[in-house]
Amino acid sequence: MAGEDHRGAIFIDPLAYADQESWHSVARHLRREAPVLRVEAEGYTPFWAVTRYEDVFAVSRHNDRFLNTRNSVLGPDLQFEMLGAMGIEPKTLIHMDGQEHRQHRDVANAWFRPRAVAQRQSDIDRIAEEFVGRFRQMDGRCDFAQDIAVPYTLRVIMSIFGVPEEDEPMMLRLTQGIFGAADPEYLGDLSDPFAMVTKTIAEFEDYFNAMAADRRAHPHDDLATVIANARVGGCPMDRHATLWYFVIVATAGHDTTSFALSGGLEALLRHPDQVEALQADPGLAANATDEMIRWTSPVRQFLRYLAEPATLSGVEIPAGDRLLLSYPSANRDEAVFEDPMTFDIRRPNANRTIAFGGGEHFCLGSTFARREIRTLLPRLLAAVKDVELDGEPEFAQANFVGGVKHLPISATLC
Ligand code: HEM
C-alpha cells in the first residue's frame with residue numbers, strides 16, 4: 001500500500017473478509033472518515049472504495065456515467081494481463097453497457113420476472129422438501145453450508161437451467177474454480193492457476209456447446225433453450241456471448257444464494273428468540289430473508305468506470321478512474337439502517353438491502369434468490385424442536401463472492 005494508509009486492504013485481501021467483525025469495524029470507520037477512499041496497492045490499478053449506501057446507490061443508478069465495460073471485478077493487474085494473453089475475454093452482462101447490455105439482458109429477462117419465477121414455485125418447494133428430508137436423515141446434525149445450502153441452491157438453479165442432476169458435481173467444481181475469486185479450499189491445484197482457469201473454461205465450453213446444440217435441435221422448457229436459441233439485434237446471439245451467458249447464469253446463480261442462506265442461518269442461530277419467532281410465525285420468512293441477505297451481502301464488490309469527472313461525498317474523481325462499490329459496507333450504513341450491526345428479522349426496511357446492486361445491472365436473479373431462501377427456511381425450522389450452532393462457523397477467504405463456508409449445526413428433530 002502507498003503511504004501510511006492501509007485501510008483499503010480490506011477490499012483486496014481475501015483473508016480480511018474471513019474476519020467479519022474486524023472488516024466491518026474498518027468499513028464503519030471509512031464510512032465516517034473517508035467514504036470515498038483512494039486505494040493504491042502494489043499490483044493493482046488504483047481504485048476508489050465507495051462505502052456509503054447513498055453513493056453506492058447513486059453510482060449504480062447512473063450507468064450512463066459509471067460504466068461497466070472493462071474488468072468489472074477487482075483482481076490483480078497480472079491476472080487480467082495473463083487472461084488477455086491467453087485470449088480469454090469474459091463477456092457477460094456485467095461486462096456490457098447501454099444498448100448492448102439491454103439487448104443481451106432481454107434474452108433471459110422474461111424468465112426472471114417475478115411472475116415467471118412464481119411459476120417455478122412448485123419445483124422450488126419440491127427441492128426444499130427433498131433437502132429437509134436429507135437434513136432429517138442426518139439426524140439434524142450437519143455442516144449446513146456444505147450439506148444443505150450449497151447443494152440446495154445448486155439444484156434449484158440447475159433445474160431451471162436444465163442441467164441434469166448427475167452433472168451437478170461437475171458444475172459445482174467448475175463454478176467454484178472460475179477466476180480464483182473463491183476460497184482456496186475450492187480451487188484445487190494452485191501450482192499453476194492460469195492453467196487451471198484455461199482448463200475450467202475449456203470444460204465449460206465443451207459442456208455448454210454440447211448443451212446449446214442439443215437445445216437447438218430439441219427445445220425444452222428450460223433456460224438453456226432460451227439462451228441457446230437467443231437472437232440479439234435480429235441475429236442469433238454470437239458463440240462467445242452465448243458461452244458467457246451460460247457461464248454467468250451458472251456461476252452467479254448459486255454460491256451467492258448459498259452464502260446468504262448459510263450466513264443468514266448463522267446470524268439467526270445466534271438469536272434464539274428470533275428462531276422461535278420464525279417458528280411461531282412463518283409469515284416472517286420473507287422479511288427474515290431480506291435481513292439475511294442484507295446481513296451477509298455475499299457479493300463483496302463490483303467495479304464501475306467514470307465516463308466523466310464526478311463528485312461523490314465531496315471527493316472529486318477524474319474521468320477514467322474506477323470505483324469499487326462495497327455492498328457489505330453500504331448494507332451496514334447507519335444513515336439507512338438503524339442499529340445496522342444488529343441482526344433483526346423484523347427490521348422494517350430490510351428490503352432496502354443493496355446486496356443485489358441497482359440500476360440497469362440490478363441482479364437478474366434476485367427474485368429467485370429470495371424465493372429459494374424463504375422457501376427452505378420455514379420448512380427447516382418446522383422440522384426442528386430446537387436448533388443451535390455445533391461449533392465455530394468458518395468464513396471463506398474470498399474478496400468477490402463469500403460468506404460462511406462451514407456451519408456446524410445440531411437440531412432436535414420434531
Ligand atoms: C443472494 C443472492 C444474490 C446476490 C447477493 C446477488 C448479487 C448481485 C449483484 C451485486 C449483482 C451486480 C449488480 C450491479 O452491478 O448493480 C448481480 C448481478 C447479476 N446476478 Fe445476482 N445475486 C444473487 C443471486 C443471483 C441468482 C440466483 C442469479 C441467477 C439465477 C443471479 C444472476 C445475476 C446476473 C445474470 C447478474 C448480471 C445482471 C446484469 O449485469 O444485468 N444472481 N447479482
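All of the points below concern the structure found in this document. (Residues numbered from 1 in each chain as written. Predicted model: local features only at pLDDT ≥ 70, side-chain atom pairs only at ≥ 80, totals over all residues. Heavy atoms only, no water.)

Quick notes on the side chain of Arg322
Then step 1. Tracing the backbone through its elements, the reader meets Arg322 in strand E10 (residues 322-326).
Then step 2. For Arg322, which is buried and forms no salt bridge, the nearest opposite charge comes from Asp77, at a distance of 4.5 Å.
Then step 3. Apart from residues lying up to four places away in sequence, Arg322 is in contact with Tyr44, Thr45, Pro46, Phe47, Trp48, Leu74, Leu303, Arg304 and Tyr305. (Helix = DSSP H or I, 4+ residues; strand = E, 2+ residues; numbered from the N terminus. Buried < 20%, exposed > 50% of the residue type's maximum accessible area, 1.4 Å probe, protein only. Lys, Arg positive; Asp, Glu negative; His and termini not counted. Salt bridge = Lys/Arg side-chain N within 4 Å of Asp/Glu carboxyl O. Contact = heavy atoms within 4.5 Å.)

Observations regarding the sheet that holds strand E2 (residues 44-50)
Then step 1. With mixed pairing, five strands are arranged side by side in an open sheet as E1-E2-E10-E7-E3. Lying at the two open borders of the sheet, with one neighbouring strand each, are strand E1 (36-41) and strand E3 (66-67).
Then step 2. Taken strand by strand, helix H3 (residues 53-61) contacts E1, E2, E3, strand E7 (301-306) and E10, and its axis lies near 125° from that of E10. (Pairing = 2+ DSSP bridges. Axes fitted to C-alpha atoms, helices over the stretch in contact; angles between N-to-C directions.)

Focus on the environment of Met171
Then step 1. With respect to the element layout, Met171 can be found in helix H9 (residues 168-177).
Then step 2. Overall, the relative accessible area of 0% leaves Met171 in the buried class.
Then step 3. Separated by 80 residues in the primary sequence, Met171 and Thr251 place their C-alpha atoms 8.9 Å from one another.
Then step 4. Apart from residues lying up to four places away in sequence, Met171 is in contact with Met158, Val163, Phe204, Tyr207 and Phe208.

Considerations on unusual backbone geometry
Then step 1. One non-glycine residue, Asp139, adopts positive backbone phi at about 60°.
Then step 2. Relative to the assigned elements, Asp139 resides in the loop between helix H7 (121-137) and strand E4 (141-143).
Then step 3. Of the residues examined, Asp139 reaches a relative accessible area of 57% and is grouped as exposed.
Then step 4. Even without being glycine, Ser313 reaches a positive phi, approximately 45°.
Then step 5. As for its placement among the helices and strands, Ser313 is situated in the loop between strand E8 (310-312) and strand E9 (315-317).

So, the site of the ligand
Then step 1. The environment of the ligand is formed by 27 residues, the closest being His101, Arg105, Arg304, His361 and Cys363.
Then step 2. Note that an oxygen atom of the ligand is positioned 2.7 Å from one of the side-chain N or O atoms of His101.
Then step 3. His361 places a polar side-chain atom, nitrogen or oxygen, 2.7 Å from an oxygen atom of the ligand.
Then step 4. Only helix H5 (98-112), helix H12 (239-252), helix H13 (255-269) and E7 provide two or more residues apiece to the shell around the ligand. (Near = heavy atom within 4 Å. Polar contact = N/O pair within 3.5 Å; in protein donor to acceptor, adjacent residues only side chain to side chain.)

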